[in-house]
Protein chains: 2
Amino acid sequence: MSLYSPGETAEETGFSLDTLRYYEKIGLLPRVHRNASGQRRFSDSDLYWLALLRCLRVTGMPIAEMLTFAELTRDGGDDTFVERMALLKAHDRRIESQIAEMREKQRAIREKIAWYEDNIP
Amino acid sequence: MSLYSPGETAEETGFSLDTLRYYEKIGLLPRVHRNASGQRRFSDSDLYWLALLRCLRVTGMPIAEMLTFAELTRDGGDDTFVERMALLKAHDRRIESQIAEMREKQRAIREKIAWYEDNIP
DNA sequence: CGTTGACCTGGAGTGCACTCCAGGTGCCAA
DNA sequence: TTGGCACCTGGAGTGCACTCCAGGTCAACG
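All figures in this text were calculated on a predicted structure; none of them were measured in a lab.

A. Spotlight on the protein's contact with DNA strand C. In the vicinity of DNA strand C, 18 residues are found, and the nearest of them are A:Tyr23, A:Arg57, B:Gly7, B:Arg21 and B:Arg40. Across the atoms of DNA strand C situated within 4 Å of the protein, the share located in sugar and phosphate is 80%. Between DNA strand C and A:Asp18 there is a distance of 3.3 Å, counted from a base nitrogen to a side-chain nitrogen or oxygen. Note that a phosphate oxygen of DNA strand C is positioned 2.9 Å from one of the backbone N or O atoms of B:Gly7. Of all the elements, helix 2 (residues 17-26) of chain A adds the most residues to the surface near DNA strand C, at 4 residues. Its residues assigned to classes, the surface near DNA strand C shows 5 nonpolar, 7 polar and 6 charged.

B. Quick look at the protein's contact with DNA strand D. Around DNA strand D sit 18 residues, and of these A:Gly7, A:Arg21, A:Arg40, B:Tyr23 and B:Arg57 come closest. Looking at DNA strand D alone, sugar and phosphate atoms form 78% of those within 4 Å of the protein. Measuring from a phosphate oxygen of DNA strand D, one finds a side-chain N or O atom of A:Ser5 at 3.4 Å. Contact between DNA strand D and B:Arg57: a phosphate oxygen at 2.8 Å from a side-chain N or O atom of the residue. Listing elements by their share of the surface near DNA strand D, those giving two or more residues are helix 1 (6-13) and helix 2 of chain A together with helix 2 (17-26) of chain B. Ranked by residue count, the leading element in the surface near DNA strand D is helix 2 of chain B, at 4 residues. Its residues placed into classes, the surface near DNA strand D shows 5 nonpolar, 7 polar and 6 charged.

C. Structural view of the interface of chain A and chain B. Contacts between chain A and chain B engage 36 residues on the former and 36 residues on the latter. Taking both sides of the interface into account, the surface hidden between chain A and chain B amounts to around 3,600 Å²; carbon and sulfur atoms contribute 75%. By the criterion of area lost to chain B, the three top residues of chain A are A:Met102, A:Ile109 and A:Tyr116, representing 19% of everything that side buries. On inspection of chain A and its partner chain B, the count reaches 8 salt bridges. Linking chain A to chain B there are 14 residue pairs in polar contact (both at pLDDT 80 or more). Contributing elements (two or more residues each) for the side of chain A that touches chain B: helix 3 (44-58) and helix 5 (81-119) of chain A. By residue number, the principal contributor to the side of chain A that touches chain B is helix 5 of chain A, which donates 26 residues. Partitioned by chemical class, the residues of the side of chain A that touches chain B number 20 nonpolar, 5 polar and 11 charged.

D. A look at the relation of the copies chain A and chain B. The transformation that overlays chain A on chain B combines an axial shift of 0.0 Å with a rotation of 180°, and the residual RMSD is 0.0 Å. Such a turn and shift between the copies fits a two-fold axis. Nearest to the rotation axis, the C-alpha of A:Ile99 is located 3.3 Å from it, this being the minimum over chain A. A share of 100% of the interface residues of chain A reappears at the interface of chain B, consistent with the copies meeting face to face through the same patch.

What counts, and at which threshold
Residues numbered from 1 in each chain as written. Chains lettered and ligands numbered in written order. Predicted model: local features only at pLDDT ≥ 70, side-chain atom pairs only at ≥ 80, totals over all residues. Heavy atoms only, no water. Near = heavy atom within 4 Å. Polar contact = N/O pair within 3.5 Å; in protein donor to acceptor, adjacent residues only side chain to side chain. Helix = DSSP H or I, 4+ residues; strand = E, 2+ residues; numbered from the N terminus. Nonpolar A, V, L, I, M, F, W, Y, C, P; charged D, E, K, R; others polar. Contact = heavy atoms within 4.5 Å. Buried area = accessible area lost by both parts, 1.4 Å probe. Salt bridge = Lys/Arg side-chain N within 4 Å of Asp/Glu carboxyl O. Least-squares fit on C-alpha atoms with pLDDT ≥ 70 in both.

In structure tokens form, the structure reads like this:
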């Protein structure tokens, strides 16, 4: 079990230093361990959690909902497995329909590109 | 060639009345025709253009870039076909990589769901 | 004739998710 | 011992894309 500096963690996870502090501040991250001089030292489990947050964020989950998920995870224990799973499943369905919509719009854009292709003066 | 009220246009395009006015104000839409009492009457070509804007927006193109595209379309004539096409092609590539990233993150989320599934207490 | 309802304007306000800042600490290398 | 770097804090500021508001016009309906 190793520990990571804020810089390493930012590098690893793709979040900025400020975002890491911000996430901790709003409670999206559990209190991060500090070394003797007060600097953050992220654990493997912090990194794992951050990776999951990254997945949720990139796929468009709003912070408020990630917060709900974080709270279930932090305070709930096993009792909230079903609830957490439901939340992720709902999000998965949203991802699916987002991608479907993007594909549909992409088709229209490609038609437009093809039209230009055929009509270059 | 028919004309559409703001309400109909909002309905049709999925943009709100306010957004329609906003887009006209910032120049994303050419000046929209008005009836005798000053109310907007959108044409078929306005609707066509709005549908294209919708595709770009939904797929994540920033307003500033749509504005570039609008300016090329408005002022450029045929001379800008190549440029417009390049802009759309670049956007199409971005859509592609966005979808790829979403799919990748979705996989991780589904693994997490599966893990919960297997570990319901 | 009055009152809806859809629309008009310019400009202010909102929500989200960061991002930046000033002023400070701690530690290491030259 | 002095410079530089990575980090710390609370709080203010930013950018984007709308969204709302007050106060007004207009046309049609009962």
